[in-house]
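# Inside the fold
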Amino acid sequence: MSDFDVIVIGGGTNGLTAAAYAAKRGRRTLLLERRDVLGGLAAGEEFHPEHRTDGVLHDTAGVRAWVARELNLERHGLVRRAEEPPVLLPATNGPGLELWRDPARTAAELAATSPTDGAAYGRHREFLARAAPVLSRFTDHAPPDLHAPGLGDLLQLGRSALGLRLLGKREMMELLRVVPLSLDDWLGEQFETPLLEAGLAAPALHHTYSGPRSPHGAASLLFAECTAGAPVAGGPRALVRALEAAARARGVEVRAGAAVERLLGESGRITGVRLRGGEEITAGAVAASCDPKHLFLDLVPAAMMPRNFERAATAYRARGTAAKVHLALAAYPDLPCRPGAQPAAIRIGEDLETLEHAFDAVKYRRFSERPILDVRVPTLESPDLAPEGHHVFSVLVHYVPYDLEGGWTDAQRENLLHRVLARLRLYLPGIQDAILGHELLTPVDLETRYGVTGGHLHHGEQALDQRLVRPFLGCARYATPFPGLYLCGSGAHPGGGLTCVPGALAAREICR
Amino acid sequence: MGKRYDAIVVGGGHNGLICAAYLAKAGRDVLVLEKRDLLGGAAATEELYPGFHFSTCSYVVSLFRPSILRELQLARHGMQLLPLETSFTPLAGDPGLCRWPDPQRSRREISRFSARDAEVYPEFSLAMTKMAQLARSIVDAPAPDPTSWNPRELARLLRLGNQLRRGGAEVMDLNLKLLTMSAVDFLERWFESDVLKAPMAVSGIIGTYLGVRSPGTAYVLLHHYMGEIDGAFRSWGYSKGGTGGVSLACARAAESHGAEIRTGAAVERVLVDNGRARGVVLAGGDELSARTVVSSCDPRLTFLGLVGARHFDESFVAAIERYKLRGSSGKVNLAVDRLPEFFGREGTAHLRGDIAIAPGIDYLERAYDEAKYGDFSKRPYINVVIPSLLDPSVAPPGKHIISMFVQYAPYHLAEGAEHWPEKREAFGDAVVDTLAEYCPGLEESILFRHVLTPWDLEKEYGLSEGNIFQGELSLDQLLFQRPAAGWSRYRTPVRNLWTCGSGTHPGGGIMGASGQLAAAALLESGEL
């Protein structure tokens, strides 16, 4: 008799989701988190006395409504915001652009500079809305089995093909045409405002190891935009709280500060885990929300690993390209392009060429002179993260290589921070005087602190091949070649970001 | 207006000639019109310097369909392919890497850089050959149409799906990877040494405006393994007498079936009445009448140039306008009085195949980065062949031709494409300087230099934006989307106007498949 029915490794949003689902299905479930706090990349942390972030990943718009419904997250305190706050794309020679999902409001912003782009943005959002059901059929269901397609798989494939065909000939062709395009090509066809193009492209490129000129960027944008909904009020921190409450309410036993050292195997089967310190816990199934490289190359007993599978795990690409900077600020600095405004999100990347140059650097193991910044200010919505009147800037910095030429020395870290601040000063000239403290997390730091191989925040690049069969053949449907072991994190279908989908779909597979 | 032909083929390149030959063979009265005084288009041999016969543009033959060779009896009409057997990657101050027909010899060379790579190399070739067999069935038939509800089309899609499924999950997975990954990422699943990966990766970027790290470049690797010469898989070939030899053989085949061919006959426009093509107007104003006009020119030139946008609906024009051409390569041809000498290599065996100046992945990627921002690469990727070694008839005794395919030379210079003429020689210098880094003394051996930029390819050879494949071979412009969604079956929105160039499925290279499939579709349509 095992100690538990299910052990979930990792207390991030997917681990918590998987645990809550398993417990809901009546499984005796144990959740193990290596760190002392739950949440993983969505955990809030104090980085400067009395100043906290609300998570390394800060976008919650991808959290699916159906997961929230099935886990009753509303009852556990989850609130969705009515709408997503706009993103400010600042400029030095004008008011910049406030980008809304709502086409009318974006069009109003563009009215003075490019009414044609305002109209084009409306058409762009309409196209996304029509493509959404087709794409979410893929992202929100377990992928079909390539190995031994059963009737169900064929039906699912058939439904997907039918969904695509029912779009109509013209729309279907257009979707097939667009998917492999680069963002430079696709957005260039639609718009003329460089700031708008860059603002739309940047989030789609993150975590893909590609730039605006790289093919398939349009696919990333489609997937990200088509599956986005309303963000969670209170941000990632609130999401983690609700998931934890839902898990505990169903009887999940949660142990933080419990690092899994390796998995226990017996005649080819995974039977449990061994913690650092030597404690062994057995279970009928182990669901790992850590990244696939860490799982297969570090945790699975080497003796059990078939050579081919090990090769596939080694070949799985997880080259982190983002760093994180957290700033504690005495006040929200002035934005000369929007006097008086205090946007909750600022995206810095002037045009596609700047994005492309920033990507160029990372290919040669350097970071860019002019990094691309994705800034969130969580203290606007959650003032309790900092003392009254103070603010926290949570900044994702692209592109920054994991394997920096010459390594991450103190001088290089200083250099990166300097460049990030120089970029911020350009649009927020007063920021330097407001800074009380900071934290810089390079991809190597992110790997060390959060256990993500390569510092990759999505547990592996979201390239088309690693999106369609994720992470790779042989474990693309949550089950692995090792009976009793399942994937349930961002390295599994449909991939990274705060969505809770891999955890939910994996749990279904485990509880079959 | 005089005689009315069954078909007028616009353009005397190899695809136009092949299409004409098939139509003539089926008993149709065919006229081929070529703008230049010389047949062959981008597959032509020209005596640019006394005694030296250059394959000016296209220089190797790899994917020529064996069925065409057979059906048009091209060997009898003088076509002869000489295999390029080696692949040599020189390095500065090092003998570099040469891959030979003898696997053991290649293995020894590769193991100098990586023992593991040497071991995996045959495994890789085997996997790729399997993939190539599947790809062949796509190249040898019209593109499937995934939007059609026609039972015949659905059955064909199912058959393709089934063929894919029969290969098993691994083959399906590998296909997916090939279609979506970058050449470098794909190769890195097998290999570790830069000097092996780089020359293999370049086959993924030939003729594209992409880098070896750009997603979607892996599948072109297959082309290397699809090359068939006399049934032998994966060999590349050089045509005796230059690539013009291929075109001339096709022309002779066409003429043997009664086709009429005119050179120095530039078509100015296609005559269209009531949405129906009925002939062409030549540059001098002469009108020629035909039941069908078949254009082997690229889609932009055909639809927006020869026919005119006013004959098409808005969405078709928009599709053709955004069709990506953006040529990215140039050509530098040299006449030399002696063979180049590479560090640590004796004799000429290593010079009898292709020589790739591709010393590393970062080198190639940097070359692309320069092109991205609108300049030619100062240190480009160069594919060198010395055809006079295989075929002494193309150069005077003891002298040689060095033919260099160069990437990147982007059509769209930052200062504008029209500035190419003043940059032409600087580009030529960069190419010669680059090669000279690997074979010192090259400059002194040069008797004559001929530089072709993408601008020249457009102006002289009629290739819009200098694209050697009449349009990028990217996923969004392949199969049922080449050249535009719904118009991949050689038919066009103008009745009696058909297309047969590289800008149609399967496109690109001296393959001949477009000309062959277009002729078959036209004959089958019953319109001719």
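Keep in mind that this is a model prediction, so the values were computed, not measured. (Residues numbered from 1 in each chain as written. Chains lettered and ligands numbered in written order. Predicted model: local features only at pLDDT ≥ 70, side-chain atom pairs only at ≥ 80, totals over all residues. Heavy atoms only, no water.)

Let's shift gears to the overall build of chain A. When helices and strands are tallied, chain A shows 18 helices and 16 strands. Relative to the compact-globule value of 24 Å for 512 residues, chain A shows a C-alpha radius of gyration of 22 Å, a close match. Principal-axis analysis of the C-alpha atoms gives chain A an extent of 70 × 60 × 50 Å. Taking all 512 residues of chain A together, 62% fall into the buried category. Considering only contacts in chain A between residues 6 or more positions apart, those separated by 24 or more positions represent 72%. For chain A, the accessible surface area stands at approximately 18500 Å², while carbon and sulfur atoms represent 52% of it. Across chain A, the 56 positively charged side chains and the 60 negatively charged ones have centroids separated by 6 Å. (Helix = DSSP H or I, 4+ residues; strand = E, 2+ residues; numbered from the N terminus. Rg over C-alpha atoms; globule rule 2.2 N^0.38 Å. Buried < 20%, exposed > 50% of the residue type's maximum accessible area, 1.4 Å probe, protein only. Contact = heavy atoms within 4.5 Å. Areas by Shrake-Rupley, 256 points an atom, 1.4 Å probe, with all protein chains shown as cover. Lys, Arg positive; Asp, Glu negative; His and termini not counted. Charge placed at Lys NZ, Arg CZ, Asp CG, Glu CD.)

With that settled, the discussion passes to the interface of chain A and chain B. Across the boundary between the two partners, chain A contributes 36 residues, which contact 43 residues of chain B. In total, chain A and chain B occlude about 3600 Å² of area from one another, counting both sides; carbon and sulfur atoms represent 56% of this. Considering only the surface of chain A that becomes buried against chain B, Arg 165, Met 173 and Tyr 364 of chain A emerge as the three largest contributors, covering 18% of it. For the pair chain A and chain B, the number of links is eleven salt bridges. With its nearest N and O atoms 2.5 Å apart, the salt bridge here joins Asp 360 of chain A to Lys 372 of chain B. (Buried area = accessible area lost by both parts, 1.4 Å probe. Salt bridge = Lys/Arg side-chain N within 4 Å of Asp/Glu carboxyl O.)

Here we take up the packing of aromatic side chains. Counted by the stated rule, this structure contains 32 aromatic pairs over all chains. Put simply, the rings of Phe 296, Phe 309, Tyr 316, Phe 472 and Phe 482 of chain A touch in pairs and so form one group of aromatic residues. Over the ring of Tyr 209 of chain A we find Arg 319 of chain A, and its NZ or CZ is 3.7 Å from the ring centre. Lys 378 of chain B extends its terminal NZ or CZ atom over the ring of Phe 376 of chain B, reaching a point 4.5 Å from the ring centre. (Phe/Tyr/Trp six-rings, centres within 6.5 Å; stacked < 30°, edge-to-face > 60°. Lys NZ or Arg CZ within 6 Å of the ring centre and 35° of its normal.)

Turning next to the confidence of the model for chain B. Per-residue confidence for chain B gives a mean pLDDT of 93, with 98% of residues at or over 70. This prediction of the complex comes with two scores: 0.94 for pTM and 0.92 for ipTM. (pLDDT = per-residue confidence, 0-100.)

Let us now look at the environment of Arg 28 of chain A. Residue and element names in this part refer to chain A. Note on placement: Arg 28 falls in the loop between α1 (13-24) and β2 (29-33). According to the relative accessible area criterion, Arg 28 is partly exposed, its value standing at 34%. Distance from Arg 28 to Glu 253, taken between C-alpha atoms, is 8.3 Å for residues 225 residues apart in sequence. A polar contact of 2.9 Å, which involves the side chain of Arg 28, links it to the backbone oxygen of Asp 3. (Polar contact = N/O pair within 3.5 Å; in protein donor to acceptor, adjacent residues only side chain to side chain.)

This next bit is on the sheet that holds strand β7 (residues 94-99) of chain B. All names here are of chain B. Strand order across the open sheet formed by seven strands is β7-β6-β16-β17-β18-β15-β19, with mixed pairing between neighbours. The strands lining the two open edges of the sheet, one partner per strand, are β7 and β19 (446-452). Taking the axes of each pair of neighbouring strands and ignoring which way they run, one obtains an average angle of 20 degrees across the sheet. Of the strand pairs in this sheet, strand β15 (residues 329-336) and β19 are connected by six bridges, and their pairing is antiparallel. Within β19, the residue paired with Val 336 across the bridge is Ile 446. Of the strands in this sheet, β15 and β19 touch helix α17 (residues 454-461), which is tilted by about 75 degrees from β19. (Pairing = 2+ DSSP bridges. Axes fitted to C-alpha atoms, helices over the stretch in contact; angles between N-to-C directions.)

All chains considered together, the criterion is met by six cavities of 30 Å³ or more. Taken as a whole, the largest cavity encloses approximately 920 Å³ of empty space. Taken together, 44 residues line the largest cavity, and the ones lying closest to its centre are Asp 59, Pro 203, Ala 224, Glu 225 and Ala 228 of chain A. Mapped by element, the contributors of at least two residues to the lining of the largest cavity are α4 (115-139), α8 (194-205), α9 (217-226) and β13 (372-376) of chain A. Considered class by class, the residues forming the lining of the largest cavity number 18 nonpolar, 16 polar and ten charged. Space inside the second largest cavity adds up to approximately 200 Å³. Around the second largest cavity sit 24 residues that line it, and Thr 208, Tyr 209, Ser 210 and Ala 463 of chain A together with Pro 215 of chain B are the ones nearest its centre. Counting only elements with at least two residues in the lining of the second largest cavity, the list comes to α8, α9 and α17 (464-468) of chain A. (1 Å grid on protein atoms, 1.4 Å probe; cavity = no way out; pocket = protein on both sides within 12 Å on 5 of 7 lines; lining within 4 Å. Points joined across faces, edges and corners; volume = space filled by probe spheres on them. Nonpolar A, V, L, I, M, F, W, Y, C, P; charged D, E, K, R; others polar.)

Right, let's get into the pairing of β13 of chain A. For a regular strand, side chains alternate in direction, first toward one face of the sheet and then toward the other. Residues and elements named next belong to chain A. The buried count for β13 comes to five of five residues, which makes it a mostly enclosed element. In β13, alternate side chains face the same way, and those of Ile 372, Asp 374 and Arg 376 on one face and Leu 373 and Val 375 on the other are all buried. Bridge analysis of strand β12 (residues 345-348) against β13 gives four bridges, and the strand direction is antiparallel. By the bridge assignment, Ala 345 is partnered in β13 with Arg 376. In this structure, β13 lies alongside strand β14 (residues 391-398), joined through five bridges in antiparallel fashion. Bridge pairing links Val 375 to Val 395 in β14.

Looking now at the pattern of salt bridges. A complete count under the given rule lists 72 salt bridges over all chains for this structure. Between Arg 125 of chain A and Glu 225 of chain A there is a salt bridge, and its shortest N-O distance comes to 3.1 Å. Here the residue Arg 125 of chain A occupies a position in helix α4, and Glu 225 of chain A occupies one in helix α9, the gap between them amounting to 100 residues. The exposure class assigned to Arg 125 of chain A is buried, which follows from its relative accessible area of 14%. Between Asp 337 of chain B and Arg 338 of chain B there is a salt bridge, with the nearest N and O atoms lying 3.3 Å from each other.

Right, let's talk about the domain arrangement of chain A for a bit. Residues and elements named next belong to chain A. Each assigned domain of chain A is listed here: domain 1 (4-42 + 63-79 + 232-316 + 471-510), domain 2 (104-226) and domain 3 (322-450). One C-alpha centre belongs to domain 1, the other to domain 2; they are set 29 Å apart. Contacts between the two partners involve twelve residues from domain 1, matched on the other side by eleven residues from domain 2. Together domain 1 and domain 2 conceal approximately 850 Å² of surface at their shared face, both sides included; 58% is due to carbon and sulfur atoms. Three residues stand out in domain 1 for area buried against domain 2, namely Leu 473, Arg 477 and His 493, and they jointly supply 55% of the buried area on that side. One can count five residue pairs in polar contact (both at pLDDT 80 or more) joining domain 1 with domain 2. Counting residues per element, the side of domain 1 that touches domain 2 draws most heavily on helix α18 (residues 501-510), at three residues. Residues belonging to the side of domain 1 that touches domain 2 are distributed by class as follows: seven nonpolar, two polar and three charged. (Domains from an automatic or database assignment.)

To continue, consider the side chain of Lys 293 of chain A. All names here are of chain A. Secondary-structure assignment places Lys 293 in helix α11 (residues 292-299). One buried charged residue, Lys 293, remains without a salt bridge, the closest side chain of opposite sign being Asp 291 at 7.3 Å. What Lys 293 contacts, discounting residues up to four positions off in sequence, is Asp 298, Ala 313, Thr 314, Ala 315, Tyr 316, Ala 318 and Thr 453.

A word on α8 of chain A. Residue and element names in this part refer to chain A. A rise of 1.5 Å per residue sets the reference length of α8, with its twelve residues, at 16 Å; its end C-alpha atoms lie 16 Å apart and thus fit the reference within 8%. Burial of α8 is extensive: ten of the twelve residues sit out of reach of the surface. Of all the positions in α8, only Leu 195, Leu 196, Glu 197, Ala 198, Gly 199, Leu 200, Ala 201, Ala 202, Ala 204 and Leu 205 are classed as buried. Just beyond α8, the residue with positive phi is His 207, at close to 70 degrees. (Expected span 1.5 Å × (residues − 1).)

Let's shift gears to the domain arrangement of chain B. All names here are of chain B. Looking at the assigned domains, one finds that chain B contains domain 1 (4-43 + 63-79 + 240-324 + 472-525), domain 2 (85-235) and domain 3 (326-464). With centres defined by C-alpha atoms, the gap from domain 2 to domain 3 works out at 25 Å. On the side of domain 3, 31 residues touch domain 2, which itself brings 33 residues to the contact. With both chains or domains summed, domain 2 and domain 3 bury close to 2600 Å², and 61% of this area falls on carbon and sulfur atoms.

Before going further, it helps to spend a moment on the side chain of Asn 333 of chain B. Residues and elements named next belong to chain B. Residue position: Asn 333 is located in strand β15. On the basis of relative accessible area, Asn 333 is assigned to the buried category, the value being 0%. Side-chain polar atoms of Asn 333 contact the side chain of Lys 331, separated by 3.2 Å.

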